[in-house]
Amino acid sequence: MTQHPDFSPIREKLVEFRRHLHSIPEIGLSEIKTPAFIAEQLESWGYTVHRKIATTGLVASLERGRPRKAIGFRADFDALPITEETGLPYASQHPGTMHACGHDGHTTMLLGAAWALAQDRAFKGTVHFIFQPAEENLGGAKLMIDDGLFARFPCQRIFALHNLPGLEVGQFASRAGAIAASIDVVTIVVKGRGGHGALPETTIDPVVVGSSIVMALQTLVSRNVSPHERSVVTVGSFRAGSAANIIPDVAVLNVSMRTTNADVRAELQRRIEDVATFQARSFKAEVGFTWEVGYPATINAAAEVDRAAASISRHFGSDAFTRLDAPMMFSEDFSFMLERVPGAYILIGNGDSSGLHSATYDFNDGILERGAALFYHLAKDANGPGDGSAEVA
Ligand SMILES: [Zn+2]
Ligand SMILES: [Zn+2]
């Protein structure tokens with residue numbers, strides 16, 4: 001049977017770390033206390049910490065034995081602009097900011113792994129521990145890559161863990177191919193010609209044009225995308241006008257678009273513009289588009305999912321890993337790292353908790369050691385028997 005690392009010397013500390021991080025949540029790219037705290041722990045265990053990658057990101061590396069294939073582990077550490085309502089003793093001390101996505105837990109699990117691997121004198125290999133800022137909306141993963149992450153710390157494979165409420169406590173889950181969706185947002189400005197509500201024939205009514213665009217956009221997924229693909233087009237906001245008897249000049253639509261396939265994503269981006277443009281033209285109106293291009297779909301490498309699944313069943317039992325039938329429809333900027341380096345994004349069950357991004361959510365401290373142990377085993381197994389780099393000096 002497998003030997004998990006002995007976390008007993010830092011068992012209570014891990015919970016303390018997580019709760020401390022929970023109490024000092026910071027929004028992406030303005031993280032100060034969080035990276036300082038992470039660096040302090042890593043340095044106390046003998047790591048050299050490389051700071052200020054993409055403003056607030058950190059990397060610490062463990063290099064033992066002859067240079068060999070390096071494995072990368074990524075944890076995100078930013079929080080969300082949410083007012084916490086958990087009432088917990090370690091709740092946010094920063095008003096309006098909250099760790100509502102469990103990044104405090106992801107960071108603590110990776111710290112636990114860094115501690116365990118540093119303690120393990122038998123470990124040979126190279127591990128890059130990547131602590132990433134600004135996962136929520138700001139694309140910290142891409143910023144770290146653009147700031148030379150993989151040039152400075154080349155990885156042959158890379159893994160990340162994210163907790164999932166509703167999945168059984170500590171259960172691991174993932175799938176080959178798409179595991180999370182892409183996200184893009186487009187603002188469509190419909191330019192008509194306003195006027196008196198009693199004289200519609202003298203106007204170009206952007207409310208009618210916008211309504212027609214909303215309805216036409218509903219056909220994109222149903223008539224342009226294969227039923228085997230998953231995608232969503234949502235008009236989340238439609239603003240126009242100020243009074244019942246005035247036809248306004250403009251209407252503004254905010255549209256979000258999610259897919260799990262790069263080709264479908266490109267096709268939907270084109271079709272949204274086409275559909276809106278030709279709808280507008282049929283009413284003699286004009287449209288303009290402002291895109292906020294978000295994260296690509298998160299695509300796991302099949303071989304790396306198999307590798308992780310094998311490690312999980314070897315060390316945690318054959319039932320500990322669930323192969324998901326379908327991707328999650330949330331988005332994740334680890335996608336940018338997986339575009340550069342083969343790897344896998346793995347979910348770990350947070351149990352029956354409030355959902356992610358909810359004001360009553362909390363990370364489950366009961367899974368801290370288990371997540372840390374998974375990183376530990378992935379590092380050991382990547383450098384152990386069966387891998388080409390097993391010839392330990
Ligand atoms: Zn989130
Ligand atoms: Zn998250």
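A quick note: this is a predicted structure, and the numbers were derived from the prediction, not measured.

Conventions we followed
Residues numbered from 1 in each chain as written. Chains lettered and ligands numbered in written order. Predicted model: local features only at pLDDT ≥ 70, side-chain atom pairs only at ≥ 80, totals over all residues. Heavy atoms only, no water. Helix = DSSP H or I, 4+ residues; strand = E, 2+ residues; numbered from the N terminus. Buried < 20%, exposed > 50% of the residue type's maximum accessible area, 1.4 Å probe, protein only. Contact = heavy atoms within 4.5 Å. Lys, Arg positive; Asp, Glu negative; His and termini not counted. Charge placed at Lys NZ, Arg CZ, Asp CG, Glu CD. Donors = N, O, S within 2.8 Å, 3.2 Å for Na, K, Ca; no water. Pairing = 2+ DSSP bridges. Axes fitted to C-alpha atoms, helices over the stretch in contact; angles between N-to-C directions. Core = buried A, V, L, I, M, F, W, Y, C linked by side-chain atoms within 4.5 Å. Phe/Tyr/Trp six-rings, centres within 6.5 Å; stacked < 30°, edge-to-face > 60°. Expected span 1.5 Å × (residues − 1). Domains from an automatic or database assignment. Buried area = accessible area lost by both parts, 1.4 Å probe. Salt bridge = Lys/Arg side-chain N within 4 Å of Asp/Glu carboxyl O. Polar contact = N/O pair within 3.5 Å; in protein donor to acceptor, adjacent residues only side chain to side chain.

**Focus on the overall build of the chain**
- Of regular secondary structure, the chain possesses 10 helices and 16 strands.
- Here the C-alpha coordinates of the chain stretch approximately 85 × 45 × 40 Å along the principal axes.
- For the chain, the residues scored as buried account for 55% of the 393 residues in total.
- Counting contacts in the chain only where the partners sit at least 6 residues apart, residues at least 24 apart contribute 80% of the total.
- In the chain, which carries 35 positive and 44 negative side-chain charges, the distance between the mean positions of the two groups comes to 5 Å.

**Section: the coordination of the zinc ion (ligand 1)**
- All of the protein donors around the zinc ion (ligand 1) are Cys-101 (SG), Glu-136 (OE) and His-357 (NE2); their distances to the metal are 2.0 to 2.3 Å.
- If you list the donors of the zinc ion (ligand 1) from N- to C-terminus, the spacing comes out as C-x34-E-x220-H.
- The distance between the zinc ion (ligand 1) and the zinc ion (ligand 2) is 3.2 Å, with Cys-101 acting as a donor to both metals. One end of the pair, Cys-101, is in the loop between strand S3 (70-76) and helix H3 (103-119); the other, His-357, is in the loop between strand S16 (343-351) and helix H10 (368-382), with 256 residues separating them in the sequence.
- On the accessibility criterion, Cys-101 (5% relative accessible area) is buried.
- Overall, His-357 belongs to the partly exposed group, its relative accessible area being 40%.

**Quick look at the sheet that holds strand S10 (residues 231-240)**
- Overall, antiparallel pairing links the 4 strands, which are arranged S10-S12-S8-S13 in an open sheet. Edge positions in the open sheet fall to S10 and strand S13 (286-293), since each of these has one partner strand only. Averaged over neighbouring strand pairs, the angle between their axes works out to 20 degrees when direction is ignored.
- Here 10 bridges tie strand S8 (residues 182-191) to strand S12 (residues 250-259), and the two strands are oriented antiparallel to one another. Across the sheet, the residue bridging to Thr-187 is Asn-254, located in S12.
- With respect to the sheet, helix H6 (residues 206-224) is in contact with S8, S10, S12 and S13, its orientation differing from that of S10 by roughly 170 degrees.
- Across the face of the sheet, helix H7 (residues 262-282) comes into contact with S8, S10, S12 and S13 while running at roughly 160 degrees to S13.

**Description of the coordination of the zinc ion (ligand 2)**
- Here the zinc ion (ligand 2) is held by Cys-101 (SG), His-103 (NE2) and His-162 (NE2), and the distances to it run 2.1 to 2.4 Å.
- Ordering the donors of the zinc ion (ligand 2) by residue number gives the pattern C-x1-H-x58-H.

**Digging into the nonpolar core**
- Formed by 57 residues in total, the largest nonpolar core has its most connected members in Leu-42, Tyr-47, Phe-73, Val-127, Phe-129, Phe-131 and Phe-172.
- Once you skip the residues sitting within four places of it in the chain, Phe-172 turns out to touch Leu-161, Ile-312, Phe-316, Ala-320, Phe-321, Thr-322, Ile-346, Leu-347, Ile-348, Arg-370 and Leu-374.
- Within the second largest apolar cluster, 27 residues are counted, among which are Ala-54, Ile-145, Ala-173 and Phe-336.

**A closer look at the pairing of strand S2 (residues 57-64)**
- Within S2, 7 of the 8 residues are buried, leaving the element largely enclosed by the surrounding structure.
- In this antiparallel pair of consecutive strands, strand S1 (residues 49-53) and S2, the connection spans 3 residues, and Ala-54 shows a positive phi of 55 degrees.

**What about the packing of aromatic side chains?**
- Inspection of the entire model under this criterion finds 9 aromatic pairs.
- Aromatic pair Phe-17 and Trp-45: ring centres 6.3 Å apart, planes at 40 degrees, arrangement tilted. Taken as a pair, Phe-17 in helix H1 (residues 11-23) and Trp-45 in the loop between helix H2 (33-44) and S1 lie far apart in primary sequence, 28 residues in all.
- Centre to centre, the rings of Phe-73 and Phe-129 are 6.4 Å apart; their planes meet at 50 degrees, and the pair counts as tilted. Placement of the pair is Phe-73 in strand S3 and Phe-129 in strand S4 (residues 125-132), with a sequence separation of 56 residues. For the pair Phe-73 and Phe-129, one class covers both residues: buried.
- Grouping aromatic residues by their ring pairs yields a cluster made of Tyr-47, Phe-73, Phe-129 and Phe-375.

**Brief notes about H2**
- Across its 12 residues, H2 extends 17 Å between first and last C-alpha, which sits within 8% of the 16 Å expected from 1.5 Å per residue.
- Listed in full, the buried residues belonging to H2 are Thr-34, Pro-35, Phe-37, Ile-38, Ala-39, Gln-41 and Leu-42.
- Of the surrounding secondary structure, the elements contacted by the buried residues of H2 are H1, S1, S2, H3 and S4.

**Quick look at the domain arrangement of the chain**
- The assigned domain composition of the chain is domain 1 (11-180 + 297-382) and domain 2 (183-295).
- Once you take the C-alpha centre of each, domain 1 and domain 2 turn out to be 37 Å apart.
- Across the contact, 19 residues belong to domain 1 and 10 residues belong to domain 2.
- Counting each side, the surface lost to burial between domain 1 and domain 2 is near 910 Å², with a carbon and sulfur contribution of 64%.
- Contact with domain 2 buries surface across domain 1, with Ala-297, Met-329 and Ser-331 losing the most and accounting together for 54% of the total.
- Counting across the domain 1 and domain 2 interface gives 0 salt bridges.
- Where domain 1 touches domain 2, the interface holds 6 residue pairs in polar contact (both at pLDDT 80 or more).

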